[in-house]
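Chain and residue survey
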Amino acid sequence: MALEKFTTITSTAVPVPIENVDTDQIIPARFLKATTRDGFGENLFRDWRYDESGREVSNFPLNDPRYSGQILIGGKNFGCGSSREHAAWAVHDYGFKVVVSSFFADIFRNNCLNNSVLPIQVSKEFADKIFASIAVDSNAIFSANLSDQTFTIEGTNESTKFDISSYKKECLQNGYDDIDYLVSIKDKVEAFESTRA
Amino acid sequence: MKTLFDKIWDSHVVSTIEDGPSALYIDCHLIHEVTSPQAFAGIEKRGVSVFHSDRTFATPDHNVPTIDQHIPIKDALSKFQVDKLTENCENHGIECYGLNHPYQGIVHVVGPQLGLTQPGMTIVCGDSHTSTHGAFGAIAFGIGTSEVEMVLASQCIMQPKPKKMRITVNGNLADGVTAKDLILYIISKVTASGGTGYFVEYAGSAFENLSMEGRMTVCNMSIEMGARGGLIAPDQTTFDYIRNREKAPQGADFDQAVEKWSELKTDEGATFDKELVFDAHDIEPMITFGTNPGMGTNVNGQIPILSTIDSSEKESFKKSIDYMGFSDGDQLIGKSIDYVFVGSCTNGRIEDLREVAEFVKGRKKADSITAWIVPGSKQVEKQAEEEGIVEILEEAGFKLRQPGCSACLAMNDDKVPKGKYAISTSNRNFEGRQGPGSRTLLASPLTAAAVAVSGKIIDPREVAKL
Ligand code: SF4
């Protein structure tokens, strides 16, 4: 099934400078009752975004009118905890195409990659520079260039390389997914099975 | 020279992409109602059928009520999701232990007790605590829904090989110190992110002397330090546990299997990317005070003082203890608790219930405590009835509920109210994990039982002395 193709994203960013953001915060369990992949964006960061009476918490970054864009900047150890892919669906459905952190939890990173969201891990120092530039100007522009594997603070000389396996890069660029690939190597899987019987 | 992890991993690689992941063959796939519906929808949309329906097993657990399971689920969305699991399994020829089936339960309690979980296997499930099954010397880890779809479609997933860490704990645990304390201690040392990128092997006498259920408690929480999973080399304890279980090899096949399983250990001289060593004598009953499982201390300890916290972590530390309604430097002993939850795939097995029953026998639940004791599966429930545990609990003022994940993630009605404190034997103390605004302190079933009796945080060894 073709996924969205990932191209360079140039955008303002939304900072959520909180460490150890777990997927229960990204999408609380009580919203996992859906049987489709759509609509989770509405409840992204639900319990930080809204108080118990459903009113917006004004100082939460997603509600702060100064911040917008397709890039989410998270704190260290972003996406830890539950393996729920709903967290990646929520991030994607809300409109983010890139998540930047100085450290990602493994399963969340995988889940993002399987949903055309690019997780970019940068150094702690670079993450601090990003947060600082948003603090100075909430309209600061950033650019995530997948083919060069660079993340740049536009209008400055600040740019950093990021890692991604060449396989995943190709998948994202072309909108391929792992399932098509696995189905295509079925004969190899069968050959493998016959060697273990 | 290979590690145990290498041996199992390498023997399951179907093919490897250069500078990329491997297609890893999966022996056993477990599914539940919450993370599978979109995967079934996915393969149907592609027009692909389930490749090996006999390697996938299903049971509803996350969403199910823990009372009145004989009547239809009231919550319409939960009911729809649970029904959808049954329907998907029927359509694709997958064995499903639905509500009221004698094998229904939390997926990670069900797999081992049926003998589905065996040494040397690769096991996945759309749930991060799949790491539990590593207790048998298997590579077991949680996956996302896209990966559930991969397994349904091809019996494989695409995975990069993780790095390897060995955590050795020498010596024996003292009385009143349990497997849960052991793993909470390790996580408090390694931190909630210190294991990221690694697969852990647990070694040393502290683990060797644990029962299978204790080993499952340990492996279960590997993910709470960020590790993909954790495993323990199989030994006689493992084989004895598996013998005669329904889905395990039987008779001569079993003996043959044991011979093969006995080779599953790390070769002497094999190297790990990281090695940590601890001493079991340093471990006391543990409790968490913050909002990730790495924020733990021994129960007699105090919450660290803010000025001792690394500056980059100060803010999140403060946010966390503010959420908990604590102050830095606070002593935990003596703090009032409102709820006690005994259950989950970490500590919802029969030995956990036995431990709680033994402790509360002849004592009474504190009036101020609301207690939920939830068996991990129908089989655990049945055993608790047969062993008289249910009566002991009732005499002490407790009631055994019906099996499911329950207050571990509060998707059903078992929610801790805002601002209330819960001692929980589950695995996560995240903000709102047990209900919006709830405050969770993780501990062992023994500590939970002591708190249920005293109404306050207490060292279980103190109550036992009384
Ligand atoms: S008991 Fe808790 S941790 Fe275990 S499978 Fe259920 S929700 Fe997940």
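Residues numbered from 1 in each chain as written. Chains lettered and ligands numbered in written order. Predicted model: local features only at pLDDT ≥ 70, side-chain atom pairs only at ≥ 80, totals over all residues. Heavy atoms only, no water.

Attention shifts here to the pattern of salt bridges. Evaluated as defined, the whole model comprises 40 salt bridges over all chains. In this structure, the salt-bridge partner of B:Asp27 is B:Arg55, at a minimum N-O distance of 4.0 Å. Taken as a pair, B:Asp27 in the loop between strand S2 (22–25) and strand S3 (28–31) and B:Arg55 in the loop between helix H2 (37–46) and strand S4 (56–58) lie far apart in primary sequence, 28 residues in all. Of the charged contacts, one joins B:Asp235 and B:Arg215 as a salt bridge, the two residues approaching to 2.8 Å between their closest N and O atoms. With B:Asp235 in the loop between strand S11 (229–231) and helix H9 (236–242) and B:Arg215 in helix H8 (residues 212–220), this residue pair connects regions lying 20 residues apart in the sequence. Of the residues examined, B:Arg215 reaches a relative accessible area of 0% and is grouped as buried. When salt bridges with common partners are traced through the structure, they connect A:Arg37, A:Glu85, A:Asp177, A:Asp180, B:Arg46 and B:Glu149 into a single cluster. (Salt bridge = Lys/Arg side-chain N within 4 Å of Asp/Glu carboxyl O. Helix = DSSP H or I, 4+ residues; strand = E, 2+ residues; numbered from the N terminus. Buried < 20%, exposed > 50% of the residue type's maximum accessible area, 1.4 Å probe, protein only.)

For the rest of this paragraph, the subject is the interface of chain A and chain B. Of the residues lining the interface, 56 residues belong to chain A; the matching set on chain B comes to 67 residues. Considering only the surface of chain A that becomes buried against chain B, A:Lys33, A:Thr35 and A:Ile179 emerge as the three largest contributors, covering 14% of it. Seen at the junction of chain A and chain B, the total is 8 salt bridges. Put simply, A:Lys76 and B:Glu313 hold a salt bridge, and the shortest N to O gap is 3.3 Å. (Contact = heavy atoms within 4.5 Å. Buried area = accessible area lost by both parts, 1.4 Å probe.)

All names here are of chain B. Positionally, Thr238 belongs in helix H9. Classification of Thr238 as buried rests on a relative accessible area of 0%. If near-sequence neighbours (up to four positions away) are discounted, Thr238 is found in contact with Pro119, Phe136, Met212, Arg215 and Ala233.

Right, let's talk about the sheet that holds strand S15 (residues 339–342) of chain B for a bit. All names here are of chain B. Pairing in this open sheet of 4 strands is parallel, and the strands run S16-S15-S17-S18 from one edge to the other. Of all strands in the sheet, those with a lone pairing partner are strand S16 (370–373) and strand S18 (439–442), marking the two edges. Looking at each pair of strands side by side, their axes are set apart by 20° on average, direction ignored. One ladder, built from 4 bridges, connects S15 with S16; its direction is parallel. Residue pairing in the sheet places Tyr339 in a bridge with Thr370 of S16. Packing against the sheet, helix H11 (residues 311–324) makes contact with strand S17 (421–424) and S18, and its axis sits at approximately 105° to S18. (Pairing = 2+ DSSP bridges. Axes fitted to C-alpha atoms, helices over the stretch in contact; angles between N-to-C directions.)

A few words on helix H3 (residues 86–94) of chain A. Along H3(A), the positions that sit buried rather than exposed are A:His86, A:Ala87, A:Ala88, A:Trp89, A:Ala90 and A:Val91. Two residues or fewer past H3(A), A:Gly95 is found with a positive phi of approximately 120°.

All names here are of chain B. Structurally, Asn347 is set in helix H12 (residues 344–347). Given the relative accessible area of 2%, Asn347 is considered buried. A polar atom in the side chain of Asn347 sits 2.9 Å from the side chain of Lys180. In this structure the side chain of Asn347 is engaged in a polar contact, spanning 3.0 Å, whose partner is the side chain of Asp352. With residues up to four places along the chain from it excluded, the contact list for Asn347 reads Lys180, Thr217, Val342, Asp352, Thr425 and Pro445. (Polar contact = N/O pair within 3.5 Å; in protein donor to acceptor, adjacent residues only side chain to side chain.)

Further remarks concern the site of the ligand. All residues in the neighbourhood of the ligand are listed as B:His62, B:Ile106, B:His108, B:Asp127, B:His129, B:Ser344, B:Cys345, B:Cys405, B:Cys408, B:Leu409, B:Asn427 and B:Arg433. A class-by-class count of the residues in the shell around the ligand yields 5 nonpolar, 5 polar and 2 charged. (Near = heavy atom within 4 Å. Nonpolar A, V, L, I, M, F, W, Y, C, P; charged D, E, K, R; others polar.)

For a regular strand, side chains alternate in direction, first toward one face of the sheet and then toward the other. Residue and element names in this part refer to chain A. Neither face of strand S7 (residues 150–153) is left uncovered, since the one carrying Thr150 and Thr152 and the one carrying Phe151 and Ile153 both have all their residues buried. The pairing of strand S6 (residues 142–145) with S7 spans 4 bridges and is classified as antiparallel. When the sheet's bridge partners are listed, Ala144 is paired in S7 with Phe151. Following S6, the chain reverses through 4 residues before pairing antiparallel with S7; Gln149 in that reversal takes a positive phi of roughly 55°. Relative to strand S8 (residues 159–161), S7 is paired through 3 bridges, and the arrangement is antiparallel. Bridging across to S8, Thr152 finds its partner in Ser159. Hairpin connection from S7 to S8: 5 residues lie between these consecutive antiparallel strands, with Gly155 at a positive phi of about 80°.

Residues and elements named next belong to chain B. Helix H16 (residues 445–454) sits mainly inside the fold: 9 of its 10 residues count as buried. Of the positions making up H16, those classed as buried are Pro445, Leu446, Thr447, Ala448, Ala449, Ala450, Val451, Ala452 and Val453. Gly455 sits one or two positions beyond H16 and adopts a positive phi of about 80°.

This part is about the nonpolar core. Counting residues in hydrophobic clusters, the biggest one holds 108 residues, and the most contacted among them are A:Phe45, A:Ile130, A:Phe151, B:Ile423 and B:Leu441. Considering each element in turn, this core owes the most residues, 7 residues, to H16(B). If sequence neighbours within four positions are ignored, B:Ile423 has contacts with B:Ile287, B:Ile337, B:Tyr339, B:Val340, B:Phe341, B:Leu441, B:Ala443, B:Ala448, B:Val451 and B:Ile457. Within the second largest apolar cluster, 84 residues are counted, among which are B:Val50, B:Ala179, B:Ala227 and B:Val258. (Core = buried A, V, L, I, M, F, W, Y, C linked by side-chain atoms within 4.5 Å.)

Once that is clear, we can look at the packing of aromatic side chains. Any two aromatic rings considered together are summarised by their centre-to-centre distance and by the angle between their planes. Following the criterion strictly, the structure yields 22 aromatic pairs over all chains and no others. Ring geometry for A:Tyr94 against A:Phe96: centres 5.2 Å apart, planes inclined by 25°, an arrangement best described as stacked. Judged by relative accessible area, A:Tyr94 falls into the partly exposed class, the value being 31%. Ring geometry for A:Tyr167 and A:Tyr181: centres 6.2 Å apart, planes at 65°, overall edge-to-face. Of this pair, A:Tyr167 sits in helix H6 (residues 166–174) while A:Tyr181 sits in helix H7 (residues 178–184), and the two are 14 residues apart along the sequence. A relative accessible area of 10% means that A:Tyr167 is categorised as buried. What links up through ring pairs into an aromatic cluster is the set A:Phe45, A:Trp48 and A:Phe60. Its end group placed over the ring of B:Tyr241, B:Arg245 keeps NZ or CZ at 3.8 Å from the ring centre. (Phe/Tyr/Trp six-rings, centres within 6.5 Å; stacked < 30°, edge-to-face > 60°. Lys NZ or Arg CZ within 6 Å of the ring centre and 35° of its normal.)

Residue and element names in this part refer to chain B. Within the element layout of this structure, Thr56 appears in strand S4. In this structure Thr56 comes out as buried when scored by relative accessible area, which is 1%. For Thr56 and Asn298, which are 242 residues apart along the polypeptide, the C-alpha to C-alpha distance reads 40 Å. Discounting chain neighbours no more than four positions away, the residues touching Thr56 are His29, Ile31, Ile94, Glu95 and Leu152. A distance of 3.2 Å separates polar atoms of two side chains, one belonging to Thr56 and the other to His29.

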